[in-house]
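# Secondary and tertiary structure notes
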Amino acid sequence: MSLSRRHLLALGGAGAIGSIASPQVVRAQAPEFTYKYANNLPDTHPMNVRAREMAEAILKETGGRLQIKIFPTSQLGSDTDTLSQLRSGAVEFFTLSGLILSTLVPAASINGMGYAFKDYDAVWQAMDGDLGAYVRGQISKAGLVAMEKIWDNGFRQTTTSNRPIVTPDDLRGLKLRVPPSPLWTSMYKALEASPVSINFNEVYSALQTKVVDGQENPLAIIATAKLFEVQKYCSLTNHMWDGFWFLANRRAWERLPEDVRKIAAKHINEAGVRERADVAKLNAHLQQDLASKGLAFNQPDPLPFRDRLRAAGFYKEWQGKYGEEAWAILERAVGKLS
Ligand code: X2X
């Protein structure tokens, strides 16, 4: 036997040699589908940590047929831009806050209703139950696909450079960055603050240059996006719960063969459930860490804020906007609001 033949046999036998040369097999080794997944969060946030595991698992279990390339930190554009790209199909997957998605699907902001959820148990019961199913139905009508498990952003807290938020009066006139979403603007107008809509990719510099005095986000984001570097106070206002729908462009999703789609959906949803546990843990434990980095914490009583919103007609207004069916599903999950 010649040296080269022995060498080739060592590579896996004559059958394997045959298939290396075969064009079909060569094609099967390159991914059949390479899809982009965009999000607005830092690489270190659990969303991206779990997404990287997820993409690897999908590549492996589909035998290399579906490769998902992750673009964190709004690399492909702001949330507003990326939503357009998702709709056109230039981006195949995108995780987006339901509140921002509400610019396209009005019902999708409903989980962000001020002071609605009392804890994570109530959140997951609603979002894995009737409320989540209702919103996914509305998303589907808009031509997008929402995976079953919503990923966690968290209960939102308020940071500022100039004063702690102790009572609703402390919000009066505060220049506060909010994400681009009618619900956020409406809520802070009802609380007499001065909300300014800014996409997340510009928040750090808006705080640094004092275009705004404050912003609100869960502790996991305040930590991973290093907002503590440009803020002084952190008030644990817990004023709303926010989550990220894992969205797909419908045509791109339906282009995938059914077995590939099934594998992808399974791993995306499993990663979402793991990300929820990671974020809840971070949100529960980050206070000490952030305090050691210089943020001054306080915990205001939420009731006066909720009373202020009620007195301003905020809940009644949104009940009218969402309509009776959606509002009833929300109140079944969280109790009476208006
Ligand atoms: O923009 C924000 O503040 C963020 C990162 O929480 C959302 O995506 C809504």
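Keep in mind the model is a prediction, meaning the values are calculated, not measured.

Reading the values: the criteria
Residues numbered from 1 in each chain as written. Predicted model: local features only at pLDDT ≥ 70, side-chain atom pairs only at ≥ 80, totals over all residues. Heavy atoms only, no water. Pairing = 2+ DSSP bridges. Helix = DSSP H or I, 4+ residues; strand = E, 2+ residues; numbered from the N terminus. Axes fitted to C-alpha atoms, helices over the stretch in contact; angles between N-to-C directions. Salt bridge = Lys/Arg side-chain N within 4 Å of Asp/Glu carboxyl O. Buried < 20%, exposed > 50% of the residue type's maximum accessible area, 1.4 Å probe, protein only. Near = heavy atom within 4 Å. Polar contact = N/O pair within 3.5 Å; in protein donor to acceptor, adjacent residues only side chain to side chain. Areas by Shrake-Rupley, 256 points an atom, 1.4 Å probe, with all protein chains shown as cover.

## Looking at the sheet that holds strand S7 (residues 175-178)
Pairing between the strands of a sheet is mediated by backbone hydrogen bonds and can be parallel or antiparallel. Reading across from one edge, S8-S7-S9-S6-S10-S12 is the order of the six strands in this open sheet, with mixed pairing throughout. Strands at the two margins of the open sheet, each flanked by one partner only, are strand S8 (194-197) and strand S12 (296-298). Strand-to-strand twist of the sheet, defined as the mean angle between neighbouring strand axes without regard to direction, takes the value 25 degrees. As paired elements, S7 and S8 share four bridges and run parallel to each other.

## Here we look at the pattern of salt bridges
This structure, assessed with the given rule, holds 18 salt bridges. The closest approach of N and O atoms between Arg172 and Glu192, which form a salt bridge, is 3.0 Å. Of the two residues, Arg172 is situated in the loop between strand S6 (157-160) and S7 and Glu192 in the loop between helix H9 (182-190) and S8; the sequence distance between them amounts to 20 residues. The exposure class of Glu192 is partly exposed, given its relative accessible area of 38%. Where Glu254 meets Arg250, a salt bridge forms, and the shortest distance between an N and an O atom there is 3.6 Å. Of this pair, Glu254 and Arg250 both sit in helix H12 (residues 250-255), four residues apart, which is roughly one turn of that helix. Exposure remark for Glu254: the relative accessible area of 46% places this residue in the partly exposed category. Each of Asp169, Arg172, Glu192 and Arg308 takes part in one network of salt bridges that share partners.

## Focus: the site of the ligand
Taken together, the neighbourhood of the ligand is formed by 14 residues, with Asn40, Asn153, Arg156, Arg177 and Asn217 sitting nearest. Taking Arg177, its side chain carries an N or O atom lying 2.6 Å from an oxygen atom of the ligand. In this structure, Asn217 approaches the ligand through a side-chain N or O atom, which is 2.6 Å from an oxygen atom. When the free accessible area of the ligand is taken as 270 Å², the share hidden by the protein chains comes to 100%.

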